[in-house]
Amino acid sequence: MEVCHTDRLYHYILNGDEAIDAIVEKGLLPLSAMPDHPRWLSVQTLYPHHFESLHKLFAEPVVATPYRNSGIFLTPIDFRALPDQSLSRYRRLTIPLAAIKPTEAAVTYEWEATRIVLPLSQETLKEVQNRWTADVVRTWFGRDRHRLFFHVPQVVTYQERIPIPSEWVE
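Given the structure is predicted, the values throughout are model-derived calculations rather than measurements.

**Q** What is the right way to read the overall build of the protein chain from this model?
**A** Regarding its fold elements, the protein chain presents five helices and six strands. Starting at the N terminus and walking to the C terminus, you meet the elements of the protein chain as β-α-α-α-β-β-β-β-α-α-β. Rg of the C-alpha trace for the protein chain: 15 Å, near the compact-globule value of 15 Å for 170 residues, within the 12% margin. Projected onto its principal axes, the C-alpha positions of the protein chain cover 40 × 35 × 30 Å.

**Q** Which parts of the structure should I look at to understand the pairing of strand β3 (residues 92-96)?
**A** Taken residue by residue, a regular strand's side chains alternate between the two faces of the sheet. For β3, the tally of buried residues reaches four of five residues, placing the bulk of the element in the interior. Two elements, strand β1 (residues 8-12) and β3, share five bridges in a ladder whose sense is antiparallel. In the sheet register, Leu-9 faces β3, and the bridge partner there is Ile-95.

**Q** Before we go on, may I ask you to explain the layout of surface pockets in this structure?
**A** Rolled over the atoms, a probe as big as a water molecule pinpoints where empty space is left. For the largest pocket, the calculated volume is near 1,500 Å³. Surrounding the largest pocket, 40 residues form its lining, Leu-14, Asn-15, Leu-31, Arg-39 and Phe-73 being those nearest its centre. Those elements that place two or more of their residues in the lining of the largest pocket are β1, α1 (20-26), α2 (38-46), α3 (50-59) and β2 (72-74). Taken together, the residues of the lining of the largest pocket break down into 25 nonpolar, 11 polar and four charged.

**Q** What am I meant to see in the sheet that holds strand β5 (residues 114-119) here?
**A** The strands that make up a sheet pair up through hydrogen bonds in the backbone, lying either parallel or antiparallel. Across the sheet, which stays open at both edges, the four strands sit in the order β2-β6-β4-β5 with antiparallel pairing between neighbours. Here the strands that pair on one side only, and so sit at the sheet edges, are β2 and β5. This sheet shows a mean twist of 25° between the axes of neighbouring strands, independent of strand direction. Here six bridges tie strand β4 (residues 105-111) to β5, and the two strands are oriented antiparallel to one another. Within the sheet, the bridge partner assigned to Val-107 lies in β5 and is Leu-118. Strands in contact with α3 are β2, β4, β5 and β6 (154-157); relative to β5, the strand with the most contacts, it is inclined by about 75°. Most of the contacts of helix α4 (residues 122-131) go to β4, to which it runs at about 25°, and overall it touches β4 and β5.

Reading guide: rules and limits
Residues numbered from 1 in each chain as written. Predicted model: local features only at pLDDT ≥ 70, side-chain atom pairs only at ≥ 80, totals over all residues. Heavy atoms only, no water. Helix = DSSP H or I, 4+ residues; strand = E, 2+ residues; numbered from the N terminus. Rg over C-alpha atoms; globule rule 2.2 N^0.38 Å. Buried < 20%, exposed > 50% of the residue type's maximum accessible area, 1.4 Å probe, protein only. Pairing = 2+ DSSP bridges. 1 Å grid on protein atoms, 1.4 Å probe; cavity = no way out; pocket = protein on both sides within 12 Å on 5 of 7 lines; lining within 4 Å. Points joined across faces, edges and corners; volume = space filled by probe spheres on them. Nonpolar A, V, L, I, M, F, W, Y, C, P; charged D, E, K, R; others polar. Axes fitted to C-alpha atoms, helices over the stretch in contact; angles between N-to-C directions. Contact = heavy atoms within 4.5 Å.

Spelled out as structure tokens, the structure:
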């Protein structure tokens, strides 16, 4: 069963549905664009250079821009195709691949103890789709409860915002 898509990406709303109206109004923003957000303040207090480190690890090999924001994290994994996974019940944004600037984004995941970082493209997502079957996603998603998505495919984009029309909210 294919659980990764090549034409759309997802952002799961983990912090409650009350954020959805603001996302539709302002777009999906990097956390760093919200300096008063409790999550941003918490990360900055506990791990002051966390997002810069993620940029170096997840994006620097393929994104030609220096660190400028915390990034927007998406995934090609359709957790609704995995009803036994907790994320299948969360609201989400379904974002067409065309809404992401490929020059500002990277696909990353861990495979056989190696961090894979690739440019974002439909071809790259096809490779991800072929490799990341339902069973492989079930094995690796949430393996580390503090970094749910660390092992599985993610797309990080350093766009300033992604406009989100209401029809992309599921």
